[in-house]
Structure formats: structure tokens, C-alpha cells
Amino acid sequence: EAGATALAAQAQVSQPRASQVLRNLHEQKLVERVARGRWRPHREALLDRFLAEYPGPGGSERYWYTLDSPAAIAVRAARMLEDQLAVSADVGPDLILAWRRPSEVILYVKKLVDASGLGLVEAQGKHDANVIIRMPDDQSVFPVPALVADVQGVEIGLADPSQMIWDLHALGGADRTEAAGKLYKWLLTRP
């Protein structure tokens, strides 16, 4: 139940812009005013709306292949890129709520990456890739504050959970849809 000023700081926008967005969300019954300057989100409705309408993160996307596990690539990328990385499906959700064995990884990066430093080989296309590196236009994939998982003593930055759910659906498959459902429920129960 944050105020517009706190939300503006977190989203890195001006307070008037945050107030404008909150008024718009209020008109759509996605948030409610609970006290002077305080707002309560309707979390499930907001998440459903995001998943239904989000066009994707945009930006550039490259496809790679490795014989190493996707989780090992995420660890290697975290060592190389530190806070310039956010890991998503399949590895990111598995680090939050283990449900399926990761077979692919999406690495969101803030700067260009020399994929050869990660031991990757360029794939012919999306169909034969198990590593996707995206430099997104939408910076909301990098959560504020950062969401981090510790793997073998390495801190791995994770993508925003709503982005991970979207990515699981976009990658497709019944097992990913099931994992997305588990992550969806987990996200709605977070404080």
C-alpha cells in the first residue's frame, strides 16, 4: 500500500507521472485508494492484465546453443555480467520454485555480451537454441529492488517474476504452462 512518491522512486519516474498512472489504474479498477495518498493493488487482476496485453520486452534477441546445462550458463553469465543480467525461463523460475528441469535459459542483458566467453555456439534459429540472449527495450524485466538467487556461492540476478511467467508461456509446452501456473500462485502470495 505504497504512495505515489515511493512508487515513482521504485519505477524511476516522476511523482506526477506515477500519480497519473495510479489514477488510470483506479479508473480501470486495478488499484484502490485506501488512505490519503495510499493505494492497494488488485494483484491478480493486474497480473492477468499484464499477461494478456504485454507485447513482449522488445529489443534485440540472439539464439545460441550449448551442451552445458542452462543453469551452468546462468552461473557463468552471472560471474561475467554481475548486475547487468536478469535470468528468466527456464532457469529463473526453477531457482524460485523448482518444478521442472530447465532445458532452456533466457538471459536479459543490459549491454552487449561476447557469447563466446560463455562457451556458446550460434544457433541456426530459435528452433535449435537452448540459450536466448535478449537486450530488451523494456527495462522492467530487471526488477527494482533486484531479485537474486544464490547458486554455488554466485549471486544470479533474476528477471521480474511476471516476465518469467510470460516467458514460460511464450516458450510453450504443457510442462512450462504448469510451471508458469505454480510461479503465478507463488507471486500472488508474496508480501
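This is a predicted model, so every value here is computed, not measured.

Trainee: Explain empty space enclosed by the protein to me, using residue names and the numbers behind them.
Mentor: Here the structure, examined in full by the defined rule, presents 1 cavity of 30 Å³ or more. Estimated volume of the largest cavity: approximately 60 Å³. If you go around the largest cavity, the residues you meet are D90, P93, D94, L97, W99, R100, L168, A179 and L183. For the lining of the largest cavity, the secondary-structure elements that each account for two or more residues are α5 (91–96) and α7 (174–189). Split into classes, the residues belonging to the lining of the largest cavity amount to 6 nonpolar, no polar and 3 charged.

Trainee: Describe the side chain of Q163, listing the residues and the values that go with them.
Mentor: Take Q163: it is sitting in helix α6 (residues 161–171). With a relative accessible area of 2%, Q163 lands in the buried category. A distance of 3.0 Å separates polar atoms of two side chains, one belonging to Q163 and the other to Y54. One polar contact links Q163 to Y108, side chain to side chain, over a distance of 3.1 Å. Beyond its immediate sequence surroundings of up to four residues, Q163 is in contact with F50, Y54, P57, S88, Y108 and V141.

The rules behind each value
Residues numbered from 1 in each chain as written. Predicted model: local features only at pLDDT ≥ 70, side-chain atom pairs only at ≥ 80, totals over all residues. Heavy atoms only, no water. 1 Å grid on protein atoms, 1.4 Å probe; cavity = no way out; pocket = protein on both sides within 12 Å on 5 of 7 lines; lining within 4 Å. Points joined across faces, edges and corners; volume = space filled by probe spheres on them. Helix = DSSP H or I, 4+ residues; strand = E, 2+ residues; numbered from the N terminus. Nonpolar A, V, L, I, M, F, W, Y, C, P; charged D, E, K, R; others polar. Buried < 20%, exposed > 50% of the residue type's maximum accessible area, 1.4 Å probe, protein only. Polar contact = N/O pair within 3.5 Å; in protein donor to acceptor, adjacent residues only side chain to side chain. Contact = heavy atoms within 4.5 Å.

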